[in-house]
Amino acid sequence: MTVLEVLQSTTVYFQKRNVDSPRLNAEHLLAHVLRRKRIDLYLEFERTLPESELAPLRELVRRRGSGEPLQHLLGTVEFCGRTFRCDKRALVPRPETEQLVELLISHFKSEIACSRMVDVGTGSGVIALTLAAEFPNAEVVGTDISEDALMLASENAEQLGLADRVRFLRSNLLEAVQPGLDVIVANLPYVSTEDRQTLAREVLHDPEVALFAGPRGDELVQKLIENGPSRLRAGGILALEIGIGQSESLLAALGEKNYRDIWTEKDYSGVIRFLFARYG
Ligand SMILES: C[S@@+](CC[C@H](N)C(=O)[O-])C[C@H]1O[C@@H](n2cnc3c(N)ncnc32)[C@H](O)[C@@H]1O
């Protein structure tokens, strides 16, 4: 089979298995097996693939067709222009979270350049490491309750040459974090346990601890809002990613806890997905 024929037949297979963006997935997997850039496949459509290249592809295609996330099969994910290791130890980073980081940077660039920041629930470390890379003079800490996630985050720090810039810390929310923070940023679990049945099969490959917060979904974010004042300096910034329909109760919680300059932002699908506030 040629490169083009493989792409076409894989696309049809993925369509039948209800894989989103079937052609794109086929291209990513084939490029991965051939160790090429995806765009370079277009230069060799007519090349016939030997069995030695087809066999590993077949296995990846089978796994993708049965719902394994593309990023787990590739072993990497792109986040804000950098490549991070990605596997089942932590949540697959989502495009919404890139938007959280972009919004934080665009609104507070000069203010956070030399700040003390903590990324609570750091997972693979994408938020903490992106901020450390963008702000060489900032002090960045990433916390997580999961040892597995912290290990992956540390590997990502090594790989990006940021190991001496970010400290990863095992902590239940802010418990192990020192006060005096300028910024708390968090994409904590915000899925309700009641919504488990509605999740895409790919999502169920993420660790449970990265998805579910409790029967309502906003329990951990509520707790972080409650505990934020014990760690933020006066005027410090809180930046949060939240779930669909959670903004009203969380905005009320921010108001009750003496936060000010509170505002929301929508994600690219028009859902209120981000909360920003200052404390005190
Ligand atoms: C939705 S994932 C986000 C991971 C990463 N920040 C990202 O955006 O890709 C939430 C993370 O919070 C961590 N987590 C869950 N409960 C926690 C807690 N009580 N304290 C700290 N981290 C927690 C999970 O282990 C997981 O890595």
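Right, let's walk through the structure included here. All of these numbers come straight from a predicted model, not from anything done at the bench.

About the criteria used
- Residues numbered from 1 in each chain as written.
- Predicted model: local features only at pLDDT ≥ 70, side-chain atom pairs only at ≥ 80, totals over all residues.
- Heavy atoms only, no water.
- Salt bridge = Lys/Arg side-chain N within 4 Å of Asp/Glu carboxyl O.
- Helix = DSSP H or I, 4+ residues; strand = E, 2+ residues; numbered from the N terminus.
- Phe/Tyr/Trp six-rings, centres within 6.5 Å; stacked < 30°, edge-to-face > 60°.
- Buried < 20%, exposed > 50% of the residue type's maximum accessible area, 1.4 Å probe, protein only.
- Lys NZ or Arg CZ within 6 Å of the ring centre and 35° of its normal.

Applying the stated rule across the entire model yields 23 salt bridges. With its nearest N and O atoms 2.6 Å apart, the salt bridge here joins Arg36 to Glu44. Here Arg62 and Glu59 are joined by a salt bridge, their closest N and O atoms 2.9 Å apart. Here Arg62 and its partner Glu59 are both found in helix 3 (residues 51-65), three residues apart, which amounts to about one turn of the helix. Taken together, the salt bridges that share partners define one network made up of Arg36, Glu44, Arg47 and Glu53.

All right, on to the packing of aromatic side chains then. Scanning the model with the defined rule gives seven aromatic pairs in all. When the centroid spacing of 5.9 Å and the interplanar angle of 40° are considered together, the rings of Phe108 and Trp263 count as tilted. Note that Phe108 is positioned in helix 5 (residues 95-112) and Trp263 in strand 10 (residues 259-266), a separation of 155 residues in sequence. In this structure Phe108 comes out as buried when scored by relative accessible area, which is 6%. Judged by relative accessible area, Trp263 falls into the partly exposed class, the value being 26%. Summarising the aromatic geometry, the rings of Phe108 and Phe276 are spaced 6.4 Å apart at their centres and angled 40° between planes, so their arrangement reads as tilted. You can see Phe108 sitting in helix 5 and its partner Phe276 sitting in strand 11 (residues 272-279), a full 168 residues away along the chain. A connected cluster of aromatic rings, assembled from ring pairs, spans Phe108, Trp263 and Phe276. The ring centre of Phe212 lies 4.4 Å from the NZ or CZ of Arg196, which sits over that ring.

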